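# Coordinates in review
Chain residues, written in single-letter form:
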Amino acid sequence: MKIYLVLFALLLSLTAWAQKPIDKAINASYTNNTLTEIFYKIQDAHGVKIYFDINEAPTFRVTRNFKNKQIWAIVSDLLNGTRLKSLSYSDNSIVVIDLQKINREEIETLVNKWKTGEMDFPKKDGEEEISKLYGNPGTTKGESRYRLTLLDKSQKEPLVGALVFSDDYKINDVTNEKGICTLNLPNGQHILNMTYTSFQPIKLTLEIYENAEETFEMSSSTYILDEVEIVANNARTKMENTKTGVEVIDMAKVEAIPQVLGESDLIKSLEVLPGVTSAGEISSGFNVRGGKLDASLVLMDDAIIFNPTHVVGFISAFNSDFIKSATLYKGYVEPNFGNRSSAVLDVTSNKGGQKWKAKGGLGTSMMKLLVEGPITSKTSFAASARGSFSDYLLNLVANNEVQNSSANFYDWNIAINHKFSDRTSLSFSSYASDDYFLYNQDFGFEWQNKFASLIARHSWNEKFNSKLSLSTGAYTTNQFTINASDAFSYRNGISYLKGLQSNTYNFDENNYLKAGIEYIDYTLDPEELFANEEQSITRDTSVQRLGSISFSPFISGKLQIIENISIEAGARFTSYAAVGPGPSYEYSEGILVDTAIIGASIFNKGERVSTFSLIEPRVSASYLLNSLWSIKASYNKISQNAQLVSIANTSIPTDLWIFSNQYIRPRVVDQFSFGVFHTGAKDTYSLSVEAFTKSTDNDFVLRDFPNIISNDHLETEVSDAIGRSYGIELFAEKTTGKLTGSIAYTFSKTEFRTTTDRFPVNFGEWTPADIDIPHQVNMIFSYRLTPTFIISGGYTFKSGRPFTVPEGTAIIDGFVVPLYTLRNKRRLPSYKRFDISMTLDLRKSTQGGFRSSFTFGLYNAFGNNNVNNVFFRKSVGGNVRGFQLSIIGAVVPSFSWNFVFD
C-alpha cells in the first residue's frame, strides 16, 4: 500500500512540474490598476513574461478579483472589450497583440523589442525619482523660494492643476495656468510628490539652501494614478480653498450625466449642484441661490454670453469638447467679476496643443466635430462645429402640438494661441450660433449669439504678471406668430464692447495682490415690431432704448494669517451711466404713468442721461480645523445694471435687456454665506453644508398685464421692490470605486415685496418669487460594470414653482374676463424625472489612433408628465378654465457615437 502512495505522490509532483507557468492557477486582486500595472505585477510575482506594445496598452482602470484562475485565462479575461488578443508564446510567456497584427513577423518583432531592451515597462515602482541640490548645504537657517514648472513632455504644454505635496501634506499646492507652483521651503531636505492624472508621478528629493527654479517634464503614463491621488486634486483642494461656494466643474463628470438629447451639457449639469436650478424645461439659463435668470454672468474667454442655451433651454450653448475648464462662483465672487448680482460661470476654451487631435460624434439629434493641433511650434489652434437635426424626435412626444413643432440650431468655435516667449502669449477665440424654434406652426423664436475675444498675457518676472483682454459680442432675437389676425415679428438685440486689464503680484504661494479695471459699453438695437402678413392688424413700430457704459476699477488679495487661517478680500468700485441713443421722459409731479408724461429729451449716441456709483466690498475666510475639516464664511455686495424684462414665468429667448436710468436704479445684492466642509480620511468622499442669506435692494416687478413690446418708457410698467432669499445646501459625493456619484439637497426661499403704492403686488406683502423652489433633490450615479461599460443615471425632484390663477370672472361688454387678485398664490405640481444611460467607451482601449464610444440614453425614463406652465382660456361653455402645458411628457430616447483620433 505504501508503495502505491509513494508512486501517486510522485505522479502528482511530476504533473505539477510539467505544468506550464502560464497555466498556473492563482488568486489575485487588482484595484484601480491599468493593464500595464497588472501585467507588471503578474510578471514580478509569478515569473511569467508578457510581451505587449506599451503604446497600445489600454488606459482604463480595472478592479477585479480572481480566485484559482490560470494566468493565461486572467490575461485573456482582462482583454475583453479591447482590440487586443493574448497568445501563448512559450511555456512561461504570453504575447498580447492587436488583432490586425497577428502574424509571425509582427509577433517576433514585438518580442525582440522586449528582449533587446528597446521596450520596457515605463515605470516599475510607479514614479520617476529625481534628486536636486541647490546652494551650500552649510546654510541651514532661514527659508528659500522654490519655483517649479511642470510641462507635458510630449506637447511641451503646462500642466494646470498638477498636485505638489509632501507625504504629510504640510506642503500641499497646485500649479497655476502656466504650470507654475512657487513654494517657500525651510532650508534643508524635502521630499515632494508631483502628480497629474494620466501622467507618470515624480518623486523629488530636494535639498535647497538658496532661491531656485526648475522645469520638470512629466511623461504621459500608461498607468492611471492611484484613486487617492486623483481625488486629492479635487475634494481636498476644494476643502482647503479659501473661497466659499466655488465649484470647479469636472468635465469628465459632465460627460457621464444623462442629458435630454444625449449630448454632454455644461449648463444642465450645473443643476446637480446644490443651490442651482432652472425655472422649467424651457428656461434659457439657470438660477443660483434665488437669483433671477439675468443675475448669473456667463463668460467664455472673458466674453459675455447672454443666452447660454439652445433649443429654448434644452441644450447648452457650449460644446463640451471645446471647453478646457469651467468654474462656477455662487458664494464668494472675486472683485474682477461684476454687473451680475448672483453668480458667475467662467469658462475657458481649448486653444489646442502641439499634437494633432480630432474629436466628434453623431447622435439622434446632432453631429459635432473638433480639430486641434499645431500651426507652428509656438502657435496652436482648435476649431469645432455642431449642428442639430432633432425635428423627428418631436414626433415621439405624445403631444400633438409638440409633434407639429420644429427646433434646430448650429454653433461653431475657433481659438488660436501664440507664444511669443515663455513670458508672453496672445490668444484669440470666437463663437457664433443660430437657433430656430417653432411651436405648433403657431409661434416661434429665432436668436443668434456671437463674440470675439483677444487676450494678451505677460509675466514681467516670477512674481508679477499682467493680462489684457478685449472682447465684443452681440445677441439678437426674433419672436414671431403666424396664421393669426395679428401675425407679427418682434426683433430686438444687445451688443457690447468690453476691455479688462488686471495685474497680479504674488508675494508667495499663499499671498497675492490683484488690481485692475473693467470697461463695458452696451448698446441696444432698435426694437422693431412689424406685420408678418398683409392681412395682419399689427402696426409697424420701432423703439430705441438707452444703452449703458460701466467703468469699474477693482482690487483684491489673499492673506494667510497663520498656517490654518486664510482670508481673501477686495472691493470693486462700479460706476454706471445710462447713455444715448434714446429718449428719456419727464413726468408730472414725478408720477410714473403714461398719462403723466409731460415731455421727453432725445439723447444722441454716447450722451450721458444719468449716473450711479457704488463700492462693492467682498471678503471670504477659511479655517482649516485639521486635515479633514474646514469652515468658511463670506460676504458679497454686488450690483447689477443690465436686467431682463419678461412677462412669462420662465424666461424666453426674446426677453428684453434694459439698463438702469434715473427711474430704475441698479439692483444691489448683499449675500452672506457660511459652510462646513469635510473630506474622507482617504479622500474617497466629500461632504459639505452651506447656508446663505441674500437681500436685494432697488429691484422691480412688472405690474399686472404690462405693456412691454414697443414701449420705450418701461418705468411706467414696473413697481419698485425689495427681495430676500435664504437657504441651506447639503452635498455628498463618492469619488472612488466602481460606483461613484453624488446627492445634493437644497432648501431655499425666494420672496419679494413691493415698496411703493404704485402697482402694489399682494397689498405690499412678501410674495413668493416666480423662481421660488423650496425643495430640490439631485442624485447622480455612475457604475462601471467593466472597464469599458458604464451605466449612469440621475434623479431630479423639485417643488412646483408659483403661478397666478384667476380668483373669478366678470362679464364686460358680453365677454367673460378673468379677475386676478393675489399673485403667485398657487404652485405647479412638483417636478420629478429619472434619466439613465449606458455607455460602451472604447476611447481608452488604446493610447492613440481611432477610438470610439457608444451611448444609449433615456431622458425622463418613467415618462413623467411634468407641468411646465398653466394657461387660462375660455372654454366651449364660456367659462375660464386652466390648461396645463407639459413640454416633455414622454420618454425621450437618444443614441450617440463619439470618437477621438490622435
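The sections below set out a description of the structure shown in this document. (Residues numbered from 1 in each chain as written. Predicted model: local features only at pLDDT ≥ 70, side-chain atom pairs only at ≥ 80, totals over all residues. Heavy atoms only, no water.)

Moving on, we come to the overall build of the protein chain. Within the protein chain one finds nine helices and 57 strands. The 902 residues of the protein chain split such that 53% are buried. Summed over its atoms, the accessible surface of the protein chain is roughly 38,800 Å², and 56% of this surface lies on carbon and sulfur atoms. (Helix = DSSP H or I, 4+ residues; strand = E, 2+ residues; numbered from the N terminus. Buried < 20%, exposed > 50% of the residue type's maximum accessible area, 1.4 Å probe, protein only. Areas by Shrake-Rupley, 256 points an atom, 1.4 Å probe, with all protein chains shown as cover.)

By the definition in use, this model includes 27 salt bridges. For D835, the salt bridge identified is with R833, shortest N-O distance 2.9 Å. Comparing D835 with R833, the two get one shared label, buried. For D902, the salt bridge is made with R851, and the minimal N-O distance between the two is 2.7 Å. Here D902 is found in the segment after strand 57 (892-901), whereas its partner R851 is found in strand 54 (residues 850-859), with 51 residues between them in sequence. Members of the salt-bridge network, linked through shared partners, are R289, K330, E690 and E729. (Salt bridge = Lys/Arg side-chain N within 4 Å of Asp/Glu carboxyl O.)

What follows is about the nonpolar core. Ranked by internal contacts, the top residues of the largest apolar core, which has 67 residues, are L266, L270, F286, F318 and L345. Setting aside its immediate chain neighbours within four residues, F286 contacts I267, L270, V276, T277, L293, S296, V298, L328 and L345. Of all hydrophobic cores here, the second largest spans 34 residues; its members include I26, V48, I54 and I71. (Core = buried A, V, L, I, M, F, W, Y, C linked by side-chain atoms within 4.5 Å. Contact = heavy atoms within 4.5 Å.)

Here the focus is the packing of aromatic side chains. In this structure the tally under the stated criterion is 27 aromatic pairs. Pairing W460 with F464 gives two aromatic rings, centres 6.4 Å apart and planes at 25°, and the pair type is stacked. Looking at W460, the relative accessible area reads 51%, which means it is exposed. Summarising the aromatic geometry, the rings of F464 and Y505 are spaced 6.5 Å apart at their centres and angled 45° between planes, so their arrangement reads as tilted. Taken together, the residues F464 in strand 29 (residues 464-481) and Y505 in strand 30 (residues 488-508) connect sequence positions 41 residues apart. Judged by relative accessible area, F464 falls into the partly exposed class, the value being 27%. Taken together through their ring pairs, the aromatic side chains of F306, Y475, Y496, Y522, W657 and F659 make up a single cluster. Positioned above the aromatic ring of F700, the side-chain terminus of K292 is 5.4 Å from the ring centre. The ring of Y831 is capped by K798, whose NZ or CZ atom sits 4.9 Å from the centre of that ring. (Phe/Tyr/Trp six-rings, centres within 6.5 Å; stacked < 30°, edge-to-face > 60°. Lys NZ or Arg CZ within 6 Å of the ring centre and 35° of its normal.)

The subject of this paragraph is the sheet that holds strand 18 (residues 303-304). Spatial ordering of the open sheet is given by 14-21-22-17-18, a layout of five strands whose pairing is mixed. Of all strands in the sheet, those bounded by a partner on one side alone are strand 14 (246-248) and strand 18. Pairing of strand 17 (residues 296-300) with strand 22 (residues 343-349) involves five bridges; the strand directions are parallel. Bridge pairing in strand 22 links V298 to L345. (Pairing = 2+ DSSP bridges.)

What follows is about the side chain of S853. Structurally, the position occupied by S853 is in strand 54. Those residues in contact with S853 that sit more than four places away from it in its chain are L840, D841, L842, R843, S896, W897 and N898.

Take the packing of helix 2 (residues 35-46) against helix 3 (residues 71-78) next. Orientation of helix 2 relative to helix 3, taken along the N-to-C sense of each, is 175°, at an axis distance of 11 Å. Relative to helix 3, helix 2 is oriented roughly antiparallel. Only I71, V75 and L78 of helix 3 make contact with helix 2, whose side of the interface consists of L35, I38, F39, I42 and H46. Here the contact of helix 2 with helix 3 is built from residues that sort into seven nonpolar, one polar and no charged. (Axes fitted to C-alpha atoms, helices over the stretch in contact; angles between N-to-C directions. Parallel < 35°, antiparallel > 145°, perpendicular 65-115°, else oblique. Nonpolar A, V, L, I, M, F, W, Y, C, P; charged D, E, K, R; others polar.)

When strand 27 (residues 424-439) meets strand 28 (residues 443-459), the two strands line up antiparallel, connected through 16 bridges. Opposite S429, over in strand 28, you have S453 as the bridge partner. Here strand 27 folds back onto strand 28 in antiparallel fashion, the turn holding three residues, of which N440 has a positive phi close to 55°.

So, about the sheet that holds strand 11 (residues 188-195). With respect to topology, five strands assemble into an open sheet ordered 6-12-11-8-9, the strand pairing being mixed. Every other strand in the sheet has two partners, leaving strand 6 (128-134) and strand 9 (172-174) as the edge strands with one partner each. Sheet twist, expressed as the average angle between the axes of neighbouring strands with direction ignored, equals 20°. Note: strand 8 (residues 163-165) against strand 9, three bridges, orientation antiparallel. For V164, the partnering residue across the bridge sits in strand 9 and is D173.

With 12 residues, helix 2 should cover 16 Å at 1.5 Å per step; its first-to-last C-alpha distance of 16 Å lies within 8% of that length. When helix 2 is considered as a whole, its buried residues turn out to be L35, T36, E37, I38, F39, Y40, I42 and Q43. Buried residues in helix 2 make contact with strand 1 (25-33), strand 2 (49-52), strand 3 (62-70), helix 3 and strand 5 (93-98). (Expected span 1.5 Å × (residues − 1).)

Below, the discussion takes up the environment of I537. Relative to the helices and strands, I537 is located in the loop between strand 32 (527-531) and strand 33 (541-543). Taking C-alpha positions, I537 is 5.1 Å from D486, a pair spaced 51 residues apart along the chain.

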